[in-house]
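Residues per chain are reported as follows:
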Amino acid sequence: MNHATACAAPTPAPLSLAQPLSRQGVRLVPATVCTGSDTDDREEKIIDEVPVGLVYAGDLFAVMLATPTDLEDFATGFSLSEGIVGSADELAITAIDELTDGVRLRMELPVERLAALLRRKRNLMGGSGCGRCGTDSFAETLRPLDPVRSTARIAPDAIRRAVAALPSGQTLNRQTGAVHAAGFALPDGQLVAVREDVGRHNALDKLIGALARAGIDPTGGFVVVSSRCSFEMVHKTAAAGIPLIAAISAPTSLCVGFAETVGVGVVAYVRDGRFTVYAVPSRVATLA
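Let me begin by describing the structure that accompanies this report. (Residues numbered from 1 in each chain as written. Predicted model: local features only at pLDDT ≥ 70, side-chain atom pairs only at ≥ 80, totals over all residues. Heavy atoms only, no water.)

Time to look at the sheet that holds strand β6 (residues 92-99). Taken in spatial order, the four strands make up an open sheet running β5-β4-β7-β6, and their pairing is mixed. The open sheet has two free edges, formed respectively by β5 (59-66) and β6, since each of these has just one partner strand. Averaged over neighbouring strand pairs, the angle between their axes works out to 20° when direction is ignored. Note: strand β4 (residues 50-56) against β5, seven bridges, orientation antiparallel. (Pairing = 2+ DSSP bridges. Helix = DSSP H or I, 4+ residues; strand = E, 2+ residues; numbered from the N terminus. Axes fitted to C-alpha atoms, helices over the stretch in contact; angles between N-to-C directions.)

Moving on to the sheet that holds strand β11 (residues 244-247). Whether parallel or antiparallel, the strands of a sheet pair through hydrogen bonds between backbone atoms. The mixed open sheet is built from six strands, whose spatial order is β9-β8-β10-β11-β12-β13. The sheet is open, and its two borders are formed by β9 (191-197) and β13 (274-279), each paired with just one other strand. When strand polarity is set aside, the average angle formed by the axes of neighbouring strands in this sheet is 20°. Here strand β12 (residues 265-271) runs beside β13; their pairing, made up of four bridges, is antiparallel.

Before going further, it helps to spend a moment on the pattern of salt bridges. Overall, the coordinates contain 13 salt bridges when judged by the stated rule. Close ionic contact of R104 with D97 constitutes a salt bridge, the shortest N to O distance being 2.9 Å. Judged by relative accessible area, which is 13%, D97 ranks as buried. Linked by salt bridges that have partners in common, D70, D73, R195 and R213 make up one network. (Salt bridge = Lys/Arg side-chain N within 4 Å of Asp/Glu carboxyl O. Buried < 20%, exposed > 50% of the residue type's maximum accessible area, 1.4 Å probe, protein only.)

Turning to the environment of L166, a few remarks are in order. Assignment of secondary structure puts L166 in the loop between α4 (156-165) and α5 (171-176). On the basis of relative accessible area, L166 is assigned to the buried category, the value being 3%. Taking the C-alpha atoms as reference points, L166 and F184, 18 residues apart in sequence, are found 9.4 Å from one another. Beyond its immediate stretch of four places on either side in the chain, L166 contacts A181, A182, G183, L191, V194, V224, V225 and S226. (Contact = heavy atoms within 4.5 Å.)

Over its 15 residues, helix α6 (residues 200-214) runs 21 Å from end to end, which matches the ideal 21 Å to within 8%, given 1.5 Å per residue. Along α6, 12 of the 15 residues are buried, which leaves the element largely enclosed by surrounding structure. Buried within α6 we find R200, H201, N202, A203, L204, D205, K206, L207, I208, G209, A210 and L211. Looking at the buried side of α6, the elements it contacts are β5, α1 (71-81), β8 (180-185), β9, β10 (222-225) and α7 (231-239). Just past α6, the residue G215 takes up positive phi, approximately 75°. (Expected span 1.5 Å × (residues − 1).)

Between α6 and α7, the shortest axis-to-axis distance is 10 Å and the interhelical angle comes to 5°. On the basis of their axis angle, the class for α6 and α7 is roughly parallel. Touching R200, H201, L204, D205 and I208 of α6 are E232, M233, K236 and T237, all from α7. Its residues assigned to classes, the contact of α6 with α7 shows three nonpolar, two polar and four charged. (Parallel < 35°, antiparallel > 145°, perpendicular 65-115°, else oblique. Nonpolar A, V, L, I, M, F, W, Y, C, P; charged D, E, K, R; others polar.)

This part is about the pairing of strand β7 (residues 102-108). Summarising the sheet, β4 and β7 pair through five bridges and their orientation is parallel. From the neighbouring strand, G53 faces β7, where its bridge partner is R104. Bridge analysis of β6 against β7 gives seven bridges, and the strand direction is antiparallel. Looking across to β7, one finds that A95 is bridged to R106. Here β6 hands over to β7 after two residues, the two strands then running antiparallel side by side.

Rendered as structure tokens:
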């Protein structure tokens, strides 16, 4: 324990992306804990956040800031939710390259999918808090989707059960306190998959990819997320054919409006035994 009149952390060596990436998503860094006039130098766990480049047929399509875990799920889910492929079997992940400044995911597509992709334009940077970053037009940002065809209706108790169970699957967040999670629950509220990332939209992409790669039908269950419910979260949910998303925090106006057009139920503020339904109340069993 060091004693000082002011809490002044020692100057640590800069965190370099040239350090080997942790595929567990966590790394140790020097830090100083301050309590009153006391300081304690130690190593602290923090979440990894690195540029992840998504490369199709040799062309860089987007760079997202993400946690470098479950990268195969991320590549698959991103490709599905962006409409780059229509099913997981259309995507071939050929390599995951660990670079000095991030990660590169190399993928191949069927000829017709690649031709459609090359007609799209995209800015190449998306932050960890940005799910529709990089698009260069209103039309692409608000890309329309077909309505969700699922007829599933979810009971209130199932929603509460799934949200209550989500923290048990947040292993990275328990270590670092800086990670969002997305989970998929069966109609009875049982969670069957959870994925984490520093970006809430990345966590959802990873979840969608995990479901697709495992052959789990997304249309019969629902999504729970440890974040607010914004437009891109509903867009990705609808793109996967999932009929309802439940969030622990608030929705946005664009989220609610879009959810009504595609038939995705939006339930928010799920906490302390209560929740609020903002869109498509018929998706909640007792409200139809």
